[in-house]
Amino acid sequence: MPKNIGKVHKYLLEIAREQNFAHLTLIDPDPMKVNFDSLPRVIKAIDEGGSSAFMLGGSTAFDRFFLEKVINAIKEGSDKPIILFPGNIAGVTPKADALFFLSVLNSRNPYYIIGAQMISSPFIKKWGIETISLAYILVEPGGTAGFVSDASLIPRNKPELAVCYATAAELIGFDMVYLEAGSGADSPIPLKMIGAVRKFIDIPIIVGGGIKTPEQAASVVAAGATFIVQGTKFEEEAKLGQFDKIKKMTQITIETIKEGVRRRNM
Ligand code: 1GP
């Protein structure tokens, strides 16, 4: 029997079909980064700016109770889905709307490929939280995620290696593939690499790490990304309490991507 697609998964695919892409926002539940006084306003600004969902996760400093506090703060600012993006077993809770059940395909350490998943899966199944399986593929420079998960990073000038991993992911049956340059990377995943992967696989491609400008976001989508993820850019503005700027920035990013889509469809 084919697998049932959950509510959040369906929602993401519908937006991607309507707009040709969807914008996702990453919130890192790191106590050194989270400000509970301003988080609901930051979330509200990003929501009103048009981002489609919130991903919640990071590679370090995990505590399930802190994570749940962050979920409550996000819910104060938005009704849009919260999707867990765990870096470890403490990054899962039934309080979110869905969970990217991810495997770091190019880790050298089996713990990040199947170990943490094996340990956490009975409770995930018992809770009944929606899961979306995700093949996480780390590309240079890889950032903290690459370091912590001991990834054999894909060189930026080797798109064919990303194609091989992504194709293996599709054949194994993952729902989506995530090409990750690492949070705060100097530049996004090379467009040539995204394009090469897009040509080869049919499942959605998430691209994140180092997407700072609306133009970069638009070119990542033009190259073939289905979903783009931004985190650091919002964290920087949030620190300054620039809520209006955050909303504007999100709107401009989404408008710039849409304009690119319109032009290509003409
Ligand atoms: C990290 O891809 C995400 O997992 C977001 O990256 O923080 O660089 O936007 P940034």
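Please refer to the structure placed before this passage.
Cut-offs used in this document
Residues numbered from 1 in each chain as written. Predicted model: local features only at pLDDT ≥ 70, side-chain atom pairs only at ≥ 80, totals over all residues. Heavy atoms only, no water. Pairing = 2+ DSSP bridges. Helix = DSSP H or I, 4+ residues; strand = E, 2+ residues; numbered from the N terminus. Axes fitted to C-alpha atoms, helices over the stretch in contact; angles between N-to-C directions. Near = heavy atom within 4 Å. Polar contact = N/O pair within 3.5 Å; in protein donor to acceptor, adjacent residues only side chain to side chain. Areas by Shrake-Rupley, 256 points an atom, 1.4 Å probe, with all protein chains shown as cover. 1 Å grid on protein atoms, 1.4 Å probe; cavity = no way out; pocket = protein on both sides within 12 Å on 5 of 7 lines; lining within 4 Å. Sits in = over half its atoms within 2 Å of the grid points. Buried < 20%, exposed > 50% of the residue type's maximum accessible area, 1.4 Å probe, protein only. Salt bridge = Lys/Arg side-chain N within 4 Å of Asp/Glu carboxyl O.

For the rest of this paragraph, the subject is the sheet that holds strand β4 (residues 98-104). Pairing is parallel in the closed barrel, where eight strands are placed in the order β1-β2-β3-β4-β5-β6-β7-β8. Taking the axes of each pair of neighbouring strands and ignoring which way they run, one obtains an average angle of 30° across the sheet. Relative to strand β3 (residues 82-84), strand β2 (residues 53-56) runs parallel, the two sharing three bridges. When the bridges of β3 are listed, L56 appears paired with L84.

Here the focus is the site of the ligand. Close to the ligand lie 13 residues, the nearest being E180, S183, G184, G210 and T232. Taking Y178, its side chain carries an N or O atom lying 2.9 Å from an oxygen atom of the ligand. Separating an oxygen atom of the ligand from a backbone N or O atom of G210 is a distance of 2.8 Å. Protein chains shield 97% of the accessible area of the ligand, which is 310 Å² for the free molecule. Comparing atom positions with the cavity grids shows the ligand to sit within the largest pocket. Among the elements of the structure, β6 (176-180) and β8 (227-230) are those that each provide at least two residues to the shell around the ligand.

So, on to unusual backbone geometry. Between E140 and P141 the backbone carries a cis peptide bond, its omega angle lying at 5°. Relative to the helices and strands, P141 is located in the loop between β5 (130-138) and α5 (143-148). Here the phi dihedral of N20 falls at roughly 80°; this positive angle occurs in a residue that is not glycine. In this structure, N20 sits in the loop between α1 (7-19) and β1 (22-27). Unusually for a residue other than glycine, D150 sits at a positive phi of about 50°. With respect to the helices and strands, the residue D150 is situated in the loop between α5 and α6 (159-172). Overall, D150 belongs to the partly exposed group, its relative accessible area being 31%.

On to the pattern of salt bridges. A side chain of one charge can pair with a side chain of the opposite charge when the charged atoms of the two come close. As enumerated under the stated definition, the model contains twelve salt bridges in all. Between K245 and E237 there is a salt bridge, with the nearest N and O atoms lying 3.4 Å from each other. In this structure, the salt-bridge partner of R263 is E259, at a minimum N-O distance of 3.6 Å. Linking R263 with E259, this pair stays in helix α10 (residues 243-265), spanning four residues, or about one helical turn. Taking relative accessible area as the criterion, R263 reaches 57% and is therefore assigned exposed. Assessed through its relative accessible area of 30%, E259 is described here as partly exposed. Each member of the salt-bridge network shares a partner with another, and the members are E255, E259, R262 and R263.

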